Amino acid sequence: LGAPAEDGVEADNTLQTSVLDLLASDLSVLEDATAATLGVALDAGAAALRAGETNFGDLVADAAFAAARSTAFNAGAPSPQVGILDAGSFISDAVLPAGALTRGALFDLVSSERTLAVFNQVSPVSLKALLERALAEPGSDAFLQLSNLELEVDLTQQAQVLAEDGTVATAGARVRRLATPSGVVLVEDGAILTSAPALNVAVTNALFEGRYGLQLPELDGAFVGVDLRQALDSYLVNNLAGQVTADRFPAEGLGRITSITAD
(Lines give C-alpha, C1' and ligand atoms only; values in the text may rest on other atoms or scores of the structure.)
Protein backbone atom coordinates (compact mmCIF):
# COMPACT_ATOMS: atom_id res chain seq x y z
CA LEU A 1 0.00 0.00 0.00
CA GLY A 2 1.30 3.41 -0.92
CA ALA A 3 1.75 6.27 1.54
CA PRO A 4 -1.76 7.78 1.00
CA ALA A 5 -3.31 4.63 2.50
CA GLU A 6 -3.64 4.40 6.27
CA ASP A 7 -0.38 2.94 7.65
CA GLY A 8 0.90 2.71 4.07
CA VAL A 9 4.50 3.36 3.02
CA GLU A 10 6.19 3.97 -0.31
CA ALA A 11 7.66 0.92 -2.01
CA ASP A 12 11.35 0.23 -1.41
CA ASN A 13 13.00 -0.69 -4.72
CA THR A 14 15.85 -2.60 -3.08
CA LEU A 15 13.46 -4.69 -0.99
CA GLN A 16 11.31 -5.29 -4.06
CA THR A 17 14.15 -6.61 -6.21
CA SER A 18 16.22 -8.41 -3.56
CA VAL A 19 13.37 -10.10 -1.68
CA LEU A 20 9.86 -9.82 -3.11
CA ASP A 21 10.67 -10.46 -6.78
CA LEU A 22 12.83 -13.45 -5.84
CA LEU A 23 10.08 -14.83 -3.59
CA ALA A 24 7.48 -14.45 -6.34
CA SER A 25 9.78 -16.27 -8.77
CA ASP A 26 10.37 -19.15 -6.35
CA LEU A 27 6.65 -19.43 -5.59
CA SER A 28 5.90 -19.61 -9.31
CA VAL A 29 8.32 -22.51 -9.69
CA LEU A 30 6.78 -24.24 -6.66
CA GLU A 31 3.22 -23.81 -7.93
CA ASP A 32 4.10 -25.34 -11.30
CA ALA A 33 5.88 -28.35 -9.78
CA THR A 34 4.07 -31.69 -9.92
CA ALA A 35 2.87 -32.87 -6.52
CA ALA A 36 1.56 -36.19 -7.82
CA THR A 37 0.53 -38.05 -10.93
CA LEU A 38 -3.07 -39.18 -10.73
CA GLY A 39 -3.71 -42.62 -12.16
CA VAL A 40 -7.42 -42.20 -11.46
CA ALA A 41 -9.81 -39.26 -11.55
CA LEU A 42 -10.51 -37.88 -8.06
CA ASP A 43 -14.00 -36.70 -7.14
CA ALA A 44 -13.42 -33.39 -5.35
CA GLY A 45 -16.92 -32.06 -6.04
CA ALA A 46 -18.35 -29.96 -3.22
CA ALA A 47 -21.76 -31.66 -3.20
CA ALA A 48 -20.30 -35.17 -3.35
CA LEU A 49 -17.89 -34.53 -0.46
CA ARG A 50 -20.77 -33.30 1.69
CA ALA A 51 -23.15 -36.17 1.02
CA GLY A 52 -21.07 -39.36 0.88
CA GLU A 53 -17.67 -40.93 0.48
CA THR A 54 -15.46 -39.97 -2.47
CA ASN A 55 -11.98 -41.14 -3.37
CA PHE A 56 -10.66 -37.59 -2.92
CA GLY A 57 -12.25 -37.49 0.52
CA ASP A 58 -10.55 -40.80 1.33
CA LEU A 59 -7.21 -39.41 0.16
CA VAL A 60 -7.35 -36.21 2.20
CA ALA A 61 -8.68 -37.99 5.29
CA ASP A 62 -5.79 -40.46 5.06
CA ALA A 63 -3.33 -37.59 4.62
CA ALA A 64 -4.64 -35.84 7.74
CA PHE A 65 -4.57 -39.09 9.72
CA ALA A 66 -1.01 -39.88 8.62
CA ALA A 67 0.21 -36.38 9.50
CA ALA A 68 -1.42 -36.49 12.93
CA ARG A 69 0.14 -39.88 13.65
CA SER A 70 3.63 -38.83 12.58
CA THR A 71 3.66 -35.57 14.56
CA ALA A 72 1.58 -36.43 17.64
CA PHE A 73 4.43 -37.60 19.88
CA ASN A 74 6.61 -34.51 19.40
CA ALA A 75 3.54 -32.27 19.87
CA GLY A 76 2.61 -33.96 23.15
CA ALA A 77 -0.61 -35.28 21.65
CA PRO A 78 -1.94 -38.86 21.82
CA SER A 79 -1.31 -41.02 18.78
CA PRO A 80 -4.58 -41.34 16.83
CA GLN A 81 -6.11 -44.68 15.92
CA VAL A 82 -8.77 -43.29 13.57
CA GLY A 83 -9.41 -40.02 11.76
CA ILE A 84 -12.45 -37.93 10.86
CA LEU A 85 -12.35 -34.91 8.57
CA ASP A 86 -15.17 -32.35 8.32
CA ALA A 87 -16.32 -31.48 4.80
CA GLY A 88 -15.82 -27.80 5.56
CA SER A 89 -12.11 -28.57 5.12
CA PHE A 90 -12.64 -28.82 1.36
CA ILE A 91 -12.78 -25.75 -0.88
CA SER A 92 -12.74 -27.76 -4.10
CA ASP A 93 -15.63 -28.30 -6.49
CA ALA A 94 -14.40 -30.35 -9.42
CA VAL A 95 -13.44 -33.78 -10.63
CA LEU A 96 -9.65 -33.88 -10.92
CA PRO A 97 -8.74 -35.71 -14.13
CA ALA A 98 -6.04 -38.35 -14.32
CA GLY A 99 -2.66 -36.82 -15.04
CA ALA A 100 -0.33 -34.37 -13.34
CA LEU A 101 -1.54 -32.49 -10.26
CA THR A 102 0.56 -29.40 -9.59
CA ARG A 103 1.34 -28.13 -6.13
CA GLY A 104 -0.33 -24.83 -7.01
CA ALA A 105 -3.57 -26.68 -7.84
CA LEU A 106 -3.19 -28.82 -4.73
CA PHE A 107 -3.28 -25.84 -2.40
CA ASP A 108 -6.56 -24.67 -3.94
CA LEU A 109 -8.32 -27.90 -2.93
CA VAL A 110 -8.31 -27.73 0.87
CA SER A 111 -8.77 -24.90 3.32
CA SER A 112 -5.77 -22.92 4.55
CA GLU A 113 -7.64 -22.46 7.84
CA ARG A 114 -7.69 -26.12 8.84
CA THR A 115 -5.07 -27.37 11.30
CA LEU A 116 -4.89 -30.82 12.87
CA ALA A 117 -5.45 -32.03 16.42
CA VAL A 118 -6.08 -35.29 18.27
CA PHE A 119 -8.88 -35.99 20.74
CA ASN A 120 -7.72 -38.20 23.58
CA GLN A 121 -9.69 -41.37 24.43
CA VAL A 122 -13.01 -40.58 22.78
CA SER A 123 -15.71 -42.84 24.19
CA PRO A 124 -17.89 -44.80 21.73
CA VAL A 125 -20.81 -42.61 22.85
CA SER A 126 -18.98 -39.40 21.95
CA LEU A 127 -17.63 -40.80 18.68
CA LYS A 128 -21.12 -41.87 17.65
CA ALA A 129 -22.39 -38.40 18.60
CA LEU A 130 -19.78 -36.78 16.31
CA LEU A 131 -20.89 -39.00 13.44
CA GLU A 132 -24.59 -38.46 14.13
CA ARG A 133 -23.97 -34.68 13.95
CA ALA A 134 -22.45 -35.18 10.49
CA LEU A 135 -25.43 -37.26 9.36
CA ALA A 136 -28.10 -34.99 10.83
CA GLU A 137 -27.79 -32.56 7.90
CA PRO A 138 -26.31 -34.31 4.84
CA GLY A 139 -25.01 -31.79 2.34
CA SER A 140 -23.52 -29.50 4.98
CA ASP A 141 -19.94 -28.72 5.97
CA ALA A 142 -20.47 -30.89 9.06
CA PHE A 143 -20.42 -34.08 6.95
CA LEU A 144 -17.37 -36.26 7.54
CA GLN A 145 -14.83 -38.18 5.49
CA LEU A 146 -13.19 -41.05 7.38
CA SER A 147 -9.81 -42.72 7.81
CA ASN A 148 -9.43 -46.19 9.34
CA LEU A 149 -13.17 -46.32 10.02
CA GLU A 150 -16.08 -48.03 8.26
CA LEU A 151 -19.59 -46.67 8.68
CA GLU A 152 -23.02 -47.95 7.67
CA VAL A 153 -25.68 -45.23 7.53
CA ASP A 154 -29.47 -45.22 7.36
CA LEU A 155 -30.72 -41.70 6.65
CA THR A 156 -34.34 -42.78 7.11
CA GLN A 157 -33.72 -43.13 10.84
CA GLN A 158 -34.03 -40.41 13.50
CA ALA A 159 -31.56 -37.54 13.09
CA GLN A 160 -29.61 -36.15 16.02
CA VAL A 161 -31.19 -33.06 17.60
CA LEU A 162 -29.22 -30.55 19.66
CA ALA A 163 -30.44 -28.47 22.56
CA GLU A 164 -29.82 -24.72 22.54
CA ASP A 165 -26.58 -25.16 24.50
CA GLY A 166 -25.19 -27.65 21.97
CA THR A 167 -25.71 -30.73 24.10
CA VAL A 168 -27.52 -33.72 22.60
CA ALA A 169 -31.28 -33.58 23.10
CA THR A 170 -32.03 -36.55 20.81
CA ALA A 171 -29.18 -38.96 20.19
CA GLY A 172 -30.00 -39.89 16.61
CA ALA A 173 -30.09 -43.38 15.11
CA ARG A 174 -28.53 -42.96 11.67
CA VAL A 175 -25.24 -44.68 12.56
CA ARG A 176 -26.14 -48.35 12.14
CA ARG A 177 -22.68 -49.91 12.21
CA LEU A 178 -19.25 -48.52 13.01
CA ALA A 179 -16.03 -50.52 12.96
CA THR A 180 -12.36 -50.36 12.11
CA PRO A 181 -11.02 -52.30 9.11
CA SER A 182 -9.15 -54.53 11.58
CA GLY A 183 -12.47 -55.74 13.01
CA VAL A 184 -12.96 -53.62 16.13
CA VAL A 185 -16.75 -53.09 16.21
CA LEU A 186 -18.08 -50.08 18.09
CA VAL A 187 -21.72 -49.94 16.91
CA GLU A 188 -23.84 -52.84 15.64
CA ASP A 189 -27.49 -52.53 14.54
CA GLY A 190 -27.49 -48.98 15.87
CA ALA A 191 -26.41 -49.97 19.40
CA ILE A 192 -23.08 -49.17 21.00
CA LEU A 193 -21.41 -52.39 22.09
CA THR A 194 -20.35 -52.72 25.73
CA SER A 195 -17.02 -54.07 24.48
CA ALA A 196 -16.36 -50.99 22.31
CA PRO A 197 -13.11 -49.26 23.31
CA ALA A 198 -12.33 -45.55 23.57
CA LEU A 199 -10.18 -44.32 20.69
CA ASN A 200 -7.81 -41.45 20.00
CA VAL A 201 -9.27 -39.55 17.06
CA ALA A 202 -7.46 -37.26 14.61
CA VAL A 203 -9.62 -34.23 13.76
CA THR A 204 -9.39 -30.70 12.38
CA ASN A 205 -9.48 -27.55 14.48
CA ALA A 206 -13.11 -27.06 13.40
CA LEU A 207 -14.15 -30.30 15.10
CA PHE A 208 -11.75 -29.78 18.01
CA GLU A 209 -13.36 -26.41 18.73
CA GLY A 210 -16.95 -27.60 18.27
CA ARG A 211 -17.75 -25.29 15.34
CA TYR A 212 -20.67 -27.37 14.11
CA GLY A 213 -22.74 -26.84 17.22
CA LEU A 214 -22.15 -30.12 19.05
CA GLN A 215 -20.67 -29.57 22.51
CA LEU A 216 -18.84 -32.51 24.09
CA PRO A 217 -17.03 -30.97 27.06
CA GLU A 218 -15.63 -34.33 28.14
CA LEU A 219 -13.31 -34.37 25.13
CA ASP A 220 -9.76 -33.10 25.41
CA GLY A 221 -6.55 -33.47 23.46
CA ALA A 222 -3.93 -31.37 21.72
CA PHE A 223 -3.01 -29.75 18.43
CA VAL A 224 -0.18 -31.37 16.47
CA GLY A 225 1.26 -28.31 14.71
CA VAL A 226 0.39 -29.26 11.12
CA ASP A 227 -2.12 -27.70 8.75
CA LEU A 228 -4.19 -29.67 6.26
CA ARG A 229 -2.40 -28.33 3.18
CA GLN A 230 0.96 -29.40 4.60
CA ALA A 231 -0.49 -32.79 5.45
CA LEU A 232 -1.83 -33.41 1.94
CA ASP A 233 1.35 -32.20 0.23
CA SER A 234 3.53 -34.39 2.47
CA TYR A 235 1.32 -37.44 2.02
CA LEU A 236 1.40 -37.23 -1.77
CA VAL A 237 5.15 -36.72 -1.93
CA ASN A 238 6.37 -38.92 0.92
CA ASN A 239 3.72 -41.59 1.57
CA LEU A 240 2.56 -42.14 -2.02
CA ALA A 241 5.84 -41.29 -3.78
CA GLY A 242 3.91 -38.94 -6.05
CA GLN A 243 1.62 -41.64 -7.45
CA VAL A 244 -2.14 -41.83 -6.75
CA THR A 245 -3.24 -45.16 -8.17
CA ALA A 246 -6.67 -46.60 -8.90
CA ASP A 247 -6.08 -49.60 -6.66
CA ARG A 248 -5.18 -47.35 -3.70
CA PHE A 249 -8.01 -44.84 -4.22
CA PRO A 250 -10.54 -46.39 -6.62
CA ALA A 251 -13.11 -44.18 -8.33
CA GLU A 252 -15.96 -45.68 -6.30
CA GLY A 253 -14.19 -45.07 -2.98
CA LEU A 254 -12.93 -47.58 -0.44
CA GLY A 255 -16.28 -48.54 1.07
CA ARG A 256 -15.81 -46.51 4.24
CA ILE A 257 -19.32 -45.04 4.13
CA THR A 258 -22.17 -47.28 3.04
CA SER A 259 -25.76 -46.12 2.80
CA ILE A 260 -28.34 -48.71 3.82
CA THR A 261 -32.06 -48.77 4.56
CA ALA A 262 -33.38 -50.96 7.35
CA ASP A 263 -36.06 -53.49 6.40
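Below, the structure is looked at part by part. Please read these numbers as outputs of a predicted model, since none were measured by experiment.

### Describing the side chain of Asp86
Looking at the secondary structure, you find Asp86 in strand 3 (residues 82-86). Overall, Asp86 belongs to the buried group, its relative accessible area being 0%. Within the structure, Asp86 has its side chain in polar contact with the side chain of Arg114 (distance 3.1 Å). A distance of 2.4 Å separates a polar atom in the side chain of Asp86 from a polar atom in the side chain of Thr204. With residues near it in sequence (within four places) discarded, Asp86 still touches Arg114, Asp141, Phe143, Leu144, Thr204, Ala206, Leu207 and Tyr212.

### Here's the deal with the nonpolar core
Counting 70 residues, the largest nonpolar core has Phe56, Leu59, Ile84, Leu178, Val201, Leu236 and Val244 as its most contacted members. Considering every element that reaches this core, the biggest residue donor is helix 3 (residues 55-75), with ten residues.

### Details of the sheet that holds strand 3
Taken in spatial order, the five strands of this open sheet run 7-3-14-6-15, and their pairing is mixed. Of all the strands in the sheet, the pair left with one neighbour each is strand 7 (144-147) and strand 15 (221-227). Recorded for the sheet is a direction-independent mean angle of 25° between the axes of neighbouring strands. Of the strands in this sheet, strand 3, strand 6 (115-122), strand 7, strand 14 (199-204) and strand 15 touch helix 3, which is tilted by about 60° from strand 7.

### Looking at the packing of helix 3 against helix 7 (residues 228-239)
It is the contact of helix 3 with helix 7, at a shortest axis distance of 8 Å, that shows an interaxial angle of 95°. Here helix 3 lies roughly perpendicular to helix 7, going by the angle between them. Mapping the contact onto sequence places Leu59, Val60, Asp62, Ala63, Ala64, Ala66 and Ala67 in helix 3 and Leu228, Ala231, Leu232, Tyr235, Leu236 and Asn239 in helix 7. Looking at the contact of helix 3 with helix 7 residue by residue, the class counts come to eleven nonpolar, one polar and one charged.

Criteria and cut-off values
Residues numbered from 1 in each chain as written. Predicted model: local features only at pLDDT ≥ 70, side-chain atom pairs only at ≥ 80, totals over all residues. Heavy atoms only, no water. Helix = DSSP H or I, 4+ residues; strand = E, 2+ residues; numbered from the N terminus. Buried < 20%, exposed > 50% of the residue type's maximum accessible area, 1.4 Å probe, protein only. Polar contact = N/O pair within 3.5 Å; in protein donor to acceptor, adjacent residues only side chain to side chain. Contact = heavy atoms within 4.5 Å. Core = buried A, V, L, I, M, F, W, Y, C linked by side-chain atoms within 4.5 Å. Pairing = 2+ DSSP bridges. Axes fitted to C-alpha atoms, helices over the stretch in contact; angles between N-to-C directions. Parallel < 35°, antiparallel > 145°, perpendicular 65-115°, else oblique. Nonpolar A, V, L, I, M, F, W, Y, C, P; charged D, E, K, R; others polar.

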